[in-house]
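Chain residues, written in single-letter form:
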Amino acid sequence: MANINDNIRGKKLFKEGSSKQQAVKGSDGEVTVAKEITDELASLTDMSALFNDDGLYQYNKFLIKQIEDLREDVEELHAFIKDAFGKDSSSAASQGTKGDTGSTGATGAKGDTGATGPKGPQGDTGATGPAGADGKDGNNASVSGFSGKKTVGKETWNFEDGLLNSVK
């Protein structure tokens, strides 16, 4: 059985800045790049030129390997989430809250005290109170309640109420 933590260990590789801005590392530790660069990166769909140009390939082969490792990790994480919670978040394998406890029944009447003296008669046993009412049924709850974003490679994963909401 595996556990998933709620500690996001990394920062974004970059964030979008204004037009024609120089790349700079801010006080928050994140690198801000020009809008033109983020637009260009967002439009990329084919990396075959990287493999076809030996100079580019040799220069970038370690990055390509790391990206492939990350892709495999995301694939495994996807399979884990699907196996653990199913494909439909509305029927995810989570447990609802515990229902309310029923009220306590009334205490029975006390029996009579026996007569004084040797082997005096014993008093009657009191009546048993009625059973308490059943508690309310629980309702669905999220897996962990976590809401936020997680950057995985070039994708941003959005979580709401502990469930993966979208991947961009």
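Rules used in this analysis
For every chain, the first residue of its written sequence is number 1, and the numbers climb from 1 along that sequence. Per-residue local features of the predicted model are confined to residues with pLDDT of at least 70, and side-chain atom pairs are confined, for both listing and counting, to 80 or more; whole-chain, interface and lining totals are unaffected and use all residues. To obtain the side-chain values, all non-hydrogen atoms of the structure were included, while hydrogens and water were left out. The secondary structure listing takes helices from DSSP runs of H or I that are at least 4 residues long and strands from runs of E that are at least 2 residues long, numbered from the N terminus. Contacts were defined at the residue level, with two residues in contact if any of their heavy atoms lie within 4.5 Å. Any Lys or Arg side-chain nitrogen located within 4 Å of an Asp or Glu carboxyl oxygen qualifies as a salt bridge. Accessibility here uses a 1.4 Å probe with only protein chains present; expressed as a share of the type maximum, an area under 20% marks a residue as buried, one over 50% as exposed, and anything in between as partly exposed.

Asker: When you look at the environment of valine 167 in this model, what are you seeing that I'm missing?
Answerer: Residue position: valine 167 is located in strand β6 (residues 163-167). When residues no more than four places from it in sequence are discounted, the contact partners of valine 167 are Glu155, Thr156 and Trp157.

Asker: Quick question: what am I supposed to make of the pattern of salt bridges here?
Answerer: A side chain of one charge can pair with a side chain of the opposite charge when the charged atoms of the two come close. One pass over the full model with this rule turns up six salt bridges. A salt bridge links lysine 15 to aspartate 28, with the shortest nitrogen-to-oxygen separation between them at 2.9 Å. A residue pair is termed long-range when its members are at least 10 positions apart, and lysine 15 in strand β1 (residues 15-16) and aspartate 28 in the loop between β2 (24-25) and β3 (31-33) qualify at 13 residues. Classification of lysine 15 as partly exposed rests on a relative accessible area of 28%. The residue lysine 15 makes a salt bridge to glutamate 30 at a minimum N-O spacing of 3.9 Å. Of the two residues, lysine 15 is situated in strand β1 and glutamate 30 in the loop between β2 and β3; the sequence distance between them amounts to 15 residues. When its relative accessible area of 18% is taken as the criterion, glutamate 30 is described as buried.

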